[in-house]
Amino acid sequence: GSLRQELLQLKVSDKLHLIKGSRAGTRADSEASEDEGASDILSHCSSASETVSVAEEGSGNDAQDFLSAQEQREDKLKEDIENLTDKSAKTRVAALGSLRLALSSQVLGDVLSERRVTFMDALERCLKKGKDEEQSLAATVLSLLCIQLGSGPEGEDVFHCLKPILISILTDSSAGVTARQSCAAALGLCCFIAASDVEDLVSCLSVLEGILALLYSENNGTPPSQQGLVCCAIQSWALLLTICPASQIQKTLESHLPRLSGILASESVGLRIAAGESLALLYELARDLDEDFYSEDTETLCVTLKQLATDSNKYRAKTDRRKQRSIFRDVLHYIENCDYQEETIKFGLEVMYMDSWARRRTYSSFKEALGSGVRHHLQHNEVLRDIFSLGPPLVLDAAAIKANKISRAEKHMFNSAAFKARTKARSRVRDKRADIL
């Protein structure tokens, strides 16, 4: 027991030693390295916690309990699908909310395949007959259904049947803004997953470009109530560009690259960020076609991006300024140097690398649809694993899970070390601000 405690203390001491050891550099370097050290500790604890939860869940339930829970989930799913045809709008909305939670947090492809036609007919009724909230939820559930079914014949059938209704709601100016926004997101995601040919892809792009055309013509005077819709349209449009053929990319560059830059002057931070990320994506796609791609507007664009990357206007919210500066620094860095700031996404025992704007846009779209369930789907959903080239889902035995399990004492000590390191780093920053004031 005493030997184990000494080993644990050594582990924490090593972590703190790495943090403290950076003080030999400059003050700025010291603060940065301490933040990284604290982040490393937190990442380790987060991954370990996920592993522990898996191990505890596996050890706490026997086969009979698992089958019983699975039957209960299937019964609940059947009940919710049946409730979609209820006369009461309140019952239908509640069922849609329950289905959204179930489909985003679990992989239910086999169960949904058996009830696909019934489910699809019910969603069609909700989209046609429902009001704003019901239509919005139905479009979101449709996205999740496509994520579950994938790009096979079943997914294609769902997409082809409900695509005209999504387009009808999206282009109807009298429809609710929330419903139109959800339909824009659903149209892009479902087309990305289940479109069977280029014609489907081009038709969906044209619809979304119609929303952008309105934005261009209004000279950035988009009403606040419409800004969420336009943001969703831009993001869905950018998602579809990642799977477009070279000929379509060339047309898009010629028609949208100059006009998209104008949206950077919008008063909406959401629109500015959506436009900035889409511009970076367009440059990336153009350089995939021609390594020496250069636009006449590049220098002017870089000047605008530098202003946004250093924006300190006090009339904008602090969180908006911070988010905008972070994203536009990355956009500017890529357009000037062709260098993408790589990110890592951890889920279970695996890591996925985000090394391009196309991959980032794809992941962001699925994260928006799945919410907190995105990591579970990355682990177990073959559709997502195929899209991100992760291979078949991992099958972990008890020994592999146990090898990655840490004790409560270790978690506590790691968290304590991370908390102390973070507090010290923040205290110095606050002290520096106090000196300036």
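- Named according to an unreviewed UniProt entry, the protein chain is Interferon-related developmental regulator 2 originating from Eleutherodactylus coqui.
- UniProt, in the comment section headed Sequence similarities (unreviewed entry), describes the protein chain in these words: "Belongs to the IFRD family."

Observations regarding a negative patch on the surface
Turning to step 1, where the next piece is worked out: Together, E71, D75, E79 and E82 give the surface a local cluster of negative charge.
Turning to step 2, where the next piece is worked out: Mapped onto the elements of the fold, E71 is located in helix α3 (residues 63-83).

Quick word on helix α12 (residues 246-262)
Turning to step 1, where the next piece is worked out: Taking 1.5 Å as the rise per residue, α12 with 17 residues should run 24 Å; its terminal C-alpha atoms sit 25 Å apart, in good agreement.
Turning to step 2, where the next piece is worked out: In α12, a bend of some 45 degrees at H256 exceeds every other bend along the element, and P258, a proline, comes one to four places later.

Notes on helix α11 (residues 224-241)
Turning to step 1, where the next piece is worked out: Taking 1.5 Å of rise per residue, 18 residues should cover 26 Å, and α11 covers 26 Å from first to last C-alpha, within 8% of that figure.
Turning to step 2, where the next piece is worked out: Counted residue by residue, α11 has 13 buried out of 18 residues, so it is predominantly covered.

A look at the pairing of strand β1 (residues 343-347)
Turning to step 1, where the next piece is worked out: Taken together, the five bridges between β1 and strand β2 (residues 350-354) define a ladder with antiparallel strand orientation. Paired with I345 across the two strands is M352, which belongs to β2.
Turning to step 2, where the next piece is worked out: Remark: two residues form the turn of the hairpin made by β1 and β2, two consecutive strands paired antiparallel; G348 in that turn has positive phi of roughly 60 degrees.

Some words on the packing of aromatic side chains
Turning to step 1, where the next piece is worked out: Under the counting rule described, the total for this entry stands at four aromatic pairs.
Turning to step 2, where the next piece is worked out: A ring pair is formed by F192 and F366, whose centres lie 6.2 Å apart and whose planes are at 70 degrees; its orientation type is edge-to-face. Taken together, the positions of F192 in helix α9 (residues 177-194) and F366 in helix α16 (residues 357-370) put the pair 174 residues apart, joining distant regions of the chain.
Turning to step 3, where the next piece is worked out: Since its relative accessible area comes to 14%, F192 is described here as buried.

Concerning the packing of α12 against helix α13 (residues 269-289)
Turning to step 1, where the next piece is worked out: Two elements in contact, α12 and α13, have axes whose closest approach is 10 Å; the angle formed by their N-to-C orientations is 140 degrees. Here α12 runs over α13; the crossing is left-handed. Counted together, A246, I249, Q250, T252, L253, L257, L260 and S261 of α12 and A275, S278, L279, L282, Y283, L285, A286 and L289 of α13 form the full contact between these two elements.
Turning to step 2, where the next piece is worked out: Within the contact of α12 with α13, the residues separate by chemical class into 12 nonpolar, four polar and no charged.

Here we look at the nonpolar core
Turning to step 1, where the next piece is worked out: Within the largest apolar cluster, 116 residues are counted, with the highest numbers of intra-cluster contacts made by L103, F119, L123 and L378.
Turning to step 2, where the next piece is worked out: Among the elements that take part in this core, α13 stands out by supplying 12 residues, more than any other.

Conventions and cut-offs
Residues numbered from 1 in each chain as written. Predicted model: local features only at pLDDT ≥ 70, side-chain atom pairs only at ≥ 80, totals over all residues. Heavy atoms only, no water. UniProt positions renumbered as here; feature names shortened; annotations may be inferred. Patch = residues over 30% accessible without salt bridge, like charges linked within 9 Å, V, L, I, M, F, W, Y side chains within 5 Å. Areas by Shrake-Rupley, 256 points an atom, 1.4 Å probe, with all protein chains shown as cover. Salt bridge = Lys/Arg side-chain N within 4 Å of Asp/Glu carboxyl O. Lys, Arg positive; Asp, Glu negative; His and termini not counted. Charge placed at Lys NZ, Arg CZ, Asp CG, Glu CD. Helix = DSSP H or I, 4+ residues; strand = E, 2+ residues; numbered from the N terminus. Expected span 1.5 Å × (residues − 1). Bend = angle between axes of the 7 residues up to and from the residue. Buried < 20%, exposed > 50% of the residue type's maximum accessible area, 1.4 Å probe, protein only. Pairing = 2+ DSSP bridges. Phe/Tyr/Trp six-rings, centres within 6.5 Å; stacked < 30°, edge-to-face > 60°. Axes fitted to C-alpha atoms, helices over the stretch in contact; angles between N-to-C directions. Left-handed = near helix turned anticlockwise from the far one by under 90°. Contact = heavy atoms within 4.5 Å. Nonpolar A, V, L, I, M, F, W, Y, C, P; charged D, E, K, R; others polar. Core = buried A, V, L, I, M, F, W, Y, C linked by side-chain atoms within 4.5 Å.

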